[in-house]
There are 2 protein chains.
Amino acid sequence: MSGSRQMAESTSSGQQQAATPGPKKAGGKGLDAIYRSISEAIIEHRLKPGARLREDALADVFGISRTGIRKVLQRLALEQLVTLTPRRGASVTRPSVDEAKDVFEARQMVECALMEAAAKRITTADVEELREMAREERKALRSREQRVAIKLSATFHARLAEISGNRTLAEFVGQLCSRSSLILAVYGNPGHLGCESHDHDNLIELLAAGEGGKASDFMERHLKSIEASLSIFDEPEETPDLRDIFAFDA
Amino acid sequence: MSGSRQMAESTSSGQQQAATPGPKKAGGKGLDAIYRSISEAIIEHRLKPGARLREDALADVFGISRTGIRKVLQRLALEQLVTLTPRRGASVTRPSVDEAKDVFEARQMVECALMEAAAKRITTADVEELREMAREERKALRSREQRVAIKLSATFHARLAEISGNRTLAEFVGQLCSRSSLILAVYGNPGHLGCESHDHDNLIELLAAGEGGKASDFMERHLKSIEASLSIFDEPEETPDLRDIFAFDA
DNA sequence: TTGACCCTTATTGTATACGTTCTGAATACG
DNA sequence: CGTATTCAGAACGTATACAATAAGGGTCAA
């Protein structure tokens with residue numbers, strides 16, 4: 001009876017796997033698929049910061065009821081990817097300047113520290129997997145598929161953290177990388193992507209050679225260069241001060 | 001297993017704000033109070049690892065429907081305080097040996113690194129607040145109220161991380177401290193509490209003196225001593241190997 | 001024409017009802 | 001007497017219905 005109303009045209013590009021027309025049951029693990037789907041859309045900037053995520057619309061798109069959508073949205077909110085305003089619903093988080101600074105500070109602290117352990121534990125299979133990821137990332141960059149490149153870059157960093165062997169820290173780094181993607185969407189300069197792909201290649205070689213210390217230093221420079229490429233200014237946030245903008249002499 | 005009923009009594013000591021007999025509305029922020037209530041019960045070991053948390057029972061205790069309880073349980077699950085088994089419901093998480101190791105490794109990495117920033121940013125008001133917390137902790141220890149002492153110790157470490165000024169890392173440390181309380185419940189030796197209260201006092205004085213480096217070193221020793229006080233053995237986990245236990249010569 | 005107030009509507013918050021599945025025991029059969 | 005099977009009960013997963021609230025538009029008055 002619900003004549004599917006207008007959903008934001010955010011899902012207009014591709015993204016069809018979840019619109020199964022006749023789903024008898026979404027299944028318990030179906031919720032996880034929906035979570036990944038929305039999460040990926042946010043990380044790839046198909047859903048931009050500030051975009052509203054209405055429960056009815058999402059429930060309609062994914063073919064389940066609002067109950068499951070609310071569960072997914074709550075999880076995304078706890079990971080800081082969406083913001084849940086009490087009576088206003090959910091929207092893609094727009095990271096503040098302080099938040100961006102904190103996230104990159106945390107990444108530098110944790111990711112660099114993890115390089116030593118990663119260099120000790122990395123296997124040849126890991127090296128090959130990382131090289132393949134870096135290859136795909138370069139390919140996406142050459143094809144001007146920045147959205148895919150951003151996602152692959154975040155996945156690369158998260159995978160790197162996993163190799164260190166500490167699940168707790170790896171999970172944390174994964175969340176930080178997801179949030180970094182949001183930060184890139186707000187404060188990044190178009191055209192200039194955060195990660196230089198050669199950086200990732202150099203990182204892989206240093207780890208493969210067992211040079212944990214050098215890898216840590218390189219990671220620090222790598223993350224600092226990403227942060228430096230951002231335009232983290234105190235945007236026209238609250239109270240745009242119209243008097244100053246229009247120079248009225250009322 | 002006999003603890004399945006213990007949660008009915010868990011809120012008997014004080015903690016009466018949620019058992020309002022005639023609640024017109026629990027309110028949106030009422031859920032947060034319920035979250036804190038359950039979280040505190042877990043951290044204080046009134047709910048022990050492995051204890052089952054049935055939705056109906058919790059809904060009955062707090063006077064709301066299962067919907068709100070499920071939301072709270074999901075949040076607790078994402079923070080690793082409770083484990084959500086697909087068709088079995090929720091139970092207080094029983095940290096594995098690897099998990100315990102990861103959590104303390106993460107705490108050493110992050111908390112030590114935050115000391116430098118904390119020493120720079122700490123104010124006299126912060127110092128006074130921390131001293132008061134340490135005082136209360138000592139008082140609880142003298143009164144043999146280990147449950148309160150454990151909670152206060154976790155709060156102390158979390159507050160310390162907040163002073164560093166990085167909200168993201170402070171939140172992370174807060175979760176690690178909560179999980180540490182669970183680890184203490186499983187692998188800790190009764191009678192010997194994790195944190196020595198004088199350690200906290202020394203930490204405060206080092207920070208008040210602006211000695212970030214020394215505070216970092218001290219924090220490292222402090223956390224290592226806590227970890228060393230645990231009995232992290234590969235418990236009779238899976239497959240208890242009955243043959244070995246009963247020495248049967250079948 | 002502008003401003004304020006009210007009403008409609010859309011969207012979230014909460015509860016409840018129903019279906020599914022897992023557990024546990026009782027019974028029947030070997 | 002032991003084991004397997006089946007039935008009943010309970011607890012979770014999902015959907016739907018209802019209530020409350022805030023936003024937006026329209027109307028009336030100054």
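What counts, and where the lines are drawn
Starting from 1, residues in each chain are numbered consecutively following that chain's sequence as written. Written order decides the labels, with chains lettered from A and ligands numbered from 1. Per-residue local features are limited, in this predicted model, to residues with pLDDT of at least 70; the limit for side-chain atom pairs, both in listing and counting, is 80 or more; totals at the level of whole chains, interfaces and linings are taken over all residues. Where side-chain values are given, they derive from all heavy atoms of the structure, hydrogens and water being excluded. Whether two residues are in contact is decided by their heavy atoms: any pair within 4.5 Å suffices. Joining two parts hides part of their accessible area as seen by a 1.4 Å probe, and the buried area is that hidden amount summed over both. Salt bridges, as used here, are contacts in which a Lys or Arg side-chain nitrogen is within 4 Å of a carboxyl oxygen on Asp or Glu. Throughout this description, a polar contact denotes any pair of N or O atoms lying within 3.5 Å of each other; where both atoms belong to protein, one of them has to be capable of donating a hydrogen while the other can accept it, and for residues adjacent in sequence the pair is counted only when both atoms sit in side chains. In this description a helix means any DSSP run of H or I spanning at least four residues, a strand means any run of E spanning at least two, and both kinds are numbered starting from the N terminus. Only Asp, Glu, Lys and Arg are considered charged in this grouping, and only Ala, Val, Leu, Ile, Met, Phe, Trp, Tyr, Cys and Pro are considered nonpolar; every other residue, Gly among them, is considered polar. Summary of the metric used: pLDDT quantifies the predictor's per-residue confidence within the range 0 to 100. Each pair of strands is called paired provided DSSP finds at least two bridges between the two strands. Residue proximity to a molecule or strand is established when one non-hydrogen atom of the residue lies within 4 Å of it. Helix axes are fitted to C-alpha atoms over the stretch in contact, other axes to C-alpha atoms as well, and angles between N-to-C directions run from 0 to 180 degrees.

## What about the interface of chain A and chain B?
How large an interface is tends to be reported as the accessible area lost when its parts come together.
Part 1 of the reasoning: On the chain B side, the residues contacting the 23 residues of chain A number 23 residues.
Part 2 of the reasoning: Summing both sides of the interface, chain A and chain B together bury roughly 1900 Å²; the carbon and sulfur share of this comes to 58%.
Part 3 of the reasoning: Along the contact surface separating chain A from chain B lie 0 salt bridges.
Part 4 of the reasoning: At the junction of chain A with chain B, the criterion picks out 8 residue pairs in polar contact (both at pLDDT 80 or more).
Part 5 of the reasoning: Of all the secondary structure elements, the ones that give two or more residues to the side of chain A that touches chain B are helix 3 (66-78), helix 4 (97-121) and helix 7 (167-187) of chain A.
Part 6 of the reasoning: The greatest single-element share of the side of chain A that touches chain B, amounting to 8 residues, is contributed by helix 4 of chain A.
Part 7 of the reasoning: Considered class by class, the residues forming the side of chain A that touches chain B number 10 nonpolar, 5 polar and 8 charged.

## Section: the confidence of the model for chain A
Residues and elements named next belong to chain A.
Part 1 of the reasoning: Looking at chain A, the pLDDT average stands at 86 and 80% of residues meet or exceed 70.
Part 2 of the reasoning: Summarising per-element confidence for chain A, the mean pLDDT is lowest in helix 10 (residues 242-246) (65) and highest in helix 4 (98).
Part 3 of the reasoning: Within the model, the stretch residues 1-27 combines pLDDT values under 50 with 20 contacts to residues more than four positions away or in other chains.

## Details of the sheet that holds strand 2 (residues 82-85) of chain A
Residues and elements named next belong to chain A.
Part 1 of the reasoning: Pairing is antiparallel across the open sheet formed by 3 strands, whose spatial order is 1-3-2. Here the strands that pair on one side only, and so sit at the sheet edges, are strand 1 (52-53) and strand 2.
Part 2 of the reasoning: Pairing geometry for strand 1 and strand 3 (residues 89-92), over 2 bridges, is antiparallel. The partner of Leu-53 across the bridge, within strand 3, is Ala-90.

## Points about the protein's contact with DNA strand C
Part 1 of the reasoning: Every one of the 17 residues lining DNA strand C counts as a neighbour, but Arg-54, Arg-70 and Pro-86 of chain A together with Ser-65 and Thr-67 of chain B are closest to it.
Part 2 of the reasoning: Note that a sugar or linking oxygen of DNA strand C is positioned 3.4 Å from one of the side-chain N or O atoms of Arg-87 of chain A.
Part 3 of the reasoning: Here Thr-67 of chain B contributes a side-chain N or O atom positioned 2.9 Å from a base nitrogen of DNA strand C.
Part 4 of the reasoning: Those elements giving two or more residues to the surface near DNA strand C turn out to be helix 2 (55-62) and helix 3 of chain A together with helix 1 (28-43) of chain B.

## Considerations on the sheet that holds strand 2 (residues 82-85) of chain B
All names here are of chain B.
Part 1 of the reasoning: Ordered by their spatial adjacency, 3 strands build an open sheet running 1-3-2, and the pairing between neighbours is antiparallel. Strands at the two margins of the open sheet, each flanked by one partner only, are strand 1 (52-53) and strand 2.
Part 2 of the reasoning: As judged from the 4 bridges shared by strand 2 and strand 3 (residues 89-92), these two strands associate in the antiparallel manner. Bridge assignment links Val-82 to a residue of strand 3, and that residue is Val-92.
Part 3 of the reasoning: In the packing of helix 3 (residues 66-78) onto the sheet, the strands contacted are strand 1, strand 2 and strand 3, and the crossing angle to strand 2 comes to about 110 degrees.

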